[in-house]
Amino acid sequence: MIPSNAASSPDPTVQPVPASVVQQVDAADSTLHNPQRAVLSLGSNLGNRLDTLQGALDALADTPGLRVKAVSPVYETEPWGVDPGSQPTYFNAVVIIKTTLPPASLWERAQAIEEAFERVRDSRWGPRTLDVDIVAYQGVVSDDPALTLPHPRAHERAFVLVPWHDVEPDAEVPGRGAVADLLPTLAGQGVSLRTDAALVLPD
């Protein structure tokens, strides 16, 4: 179920980023030439899900030409596209970044991070140690089959929109509308805030 506050205000459990971290990120941004804003979705339903998501976040932060700006709370969600109870539940989060990498290079980096966590692609909706998806990239709309932007199913997925709304209440899915307006259409999807789990922004 979608938290009752998801469509009205950011989740109150979101911890503010320390001012020192904001200053470091803003200073780092000055070294990027013409950075672009992108939204990434992280998911895991095998192994230590929280450690995997944190490892993916750390790997993104270590990527040249990329700065992590914000990370959402962690949500536990039912697997997408499969029978209920047929797979373990997911941990999901959304990450906001600024990057000088073009979309194709960012996608290659996301794929490399998935492979580092031994992502297996046996079936389309199969369980996986890690998903790193590009949800949106600087408002780009592209039907390129190699990398469709925004993600073609992002507007249908509460596990993407709920955490994204937490960190960007005014966010919009390019070509689909405001996240806040899309959320009520996804009320039947199982999404639960995990107050006992959190991802830490790298120093």
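Nothing here was measured: the structure is a model prediction, and the numbers come from that model.

Draft legend 1. Layout of the overall build of the protein. Helices and strands together make up the secondary structure of the protein, namely 5 helices and 8 strands. Each helix and strand of the protein, ordered N terminal to C terminal, gives the series α-β-α-β-β-β-α-β-α-β-β-α-β. Looking at the protein residue by residue over its 203 residues, the buried ones come to 47%. Counted over contacts in the protein with a minimum sequence separation of 6, partners at least 24 positions apart contribute 74%. Accessible surface, the protein: about 9900 Å² in total, of which carbon and sulfur atoms supply 51%.

Draft legend 2. Spotlight on the packing of aromatic side chains. Scanning all chains against the criterion turns up 0 aromatic pairs. Taking NZ or CZ as reference, R49 lies 3.9 Å from the ring centre of F91, over its face.

Draft legend 3. Seen up close, the environment of N92. Structurally, N92 is set in strand 4 (residues 90-99). With relative accessibility at 3%, the residue N92 sits in the buried group. Between the alpha carbons of N92 and L42 there is a distance of 5.5 Å; along the sequence they are 50 residues apart. When residues no more than four places from it in sequence are discounted, the contact partners of N92 are L42, G43, L53, P73, V74, Y75, T77 and F159. At 3.3 Å, the side chain of N92 and the backbone oxygen of L42 are in polar contact. Polar contacts involving the side chain of N92 include one to the side chain of T77, which spans 2.6 Å.

Draft legend 4. Examining the nonpolar core more closely. Ranked by size, the top nonpolar core spans 29 residues in total, and within it V68, V95, I97 and L106 carry the most contacts. Sorting the residues of this core by element identifies strand 1 (36-44), helix 2 (49-61), strand 2 (66-71), strand 4, helix 3 (103-116) and strand 5 (131-137) as the ones contributing at least two each. The leading source of residues in this core is helix 2, at 5 residues. Non-local contacts of V95, meaning those with residues more than four positions away in its chain, are made with A38, V39, L40, L42, L57, V68, A70 and V71.

Draft legend 5. Inspection of the side chain of Q54 at higher detail. As for its placement among the helices and strands, Q54 is situated in helix 2. Within the structure, the side chain of Q54 is placed 2.8 Å from the backbone nitrogen of V200, a separation counted as a polar contact. For Q54, the contacting residues outside a window of four places in its chain are A198, L199 and V200.

Draft legend 6. Structural context of the environment of V200. For V200, the position within the fold is in the segment after strand 8 (191-193). Those residues within four positions of V200 in sequence are excluded, and the remaining contacts are Q54 and L57.

Draft legend 7. Just unusual backbone geometry, in detail. Look at the link from L149 to P150: it is a cis peptide, with omega at -10 degrees. As for its placement among the helices and strands, P150 is situated in the loop between strand 5 and helix 4 (158-167). We note that Q138 has phi near 50 degrees; this positive angle belongs to a residue other than glycine. For Q138, the position within the fold is in the loop between strand 5 and helix 4.

The rules behind the values
Residues numbered from 1 in each chain as written. Predicted model: local features only at pLDDT ≥ 70, side-chain atom pairs only at ≥ 80, totals over all residues. Heavy atoms only, no water. Helix = DSSP H or I, 4+ residues; strand = E, 2+ residues; numbered from the N terminus. Buried < 20%, exposed > 50% of the residue type's maximum accessible area, 1.4 Å probe, protein only. Contact = heavy atoms within 4.5 Å. Areas by Shrake-Rupley, 256 points an atom, 1.4 Å probe, with all protein chains shown as cover. Phe/Tyr/Trp six-rings, centres within 6.5 Å; stacked < 30°, edge-to-face > 60°. Lys NZ or Arg CZ within 6 Å of the ring centre and 35° of its normal. Polar contact = N/O pair within 3.5 Å; in protein donor to acceptor, adjacent residues only side chain to side chain. Core = buried A, V, L, I, M, F, W, Y, C linked by side-chain atoms within 4.5 Å.

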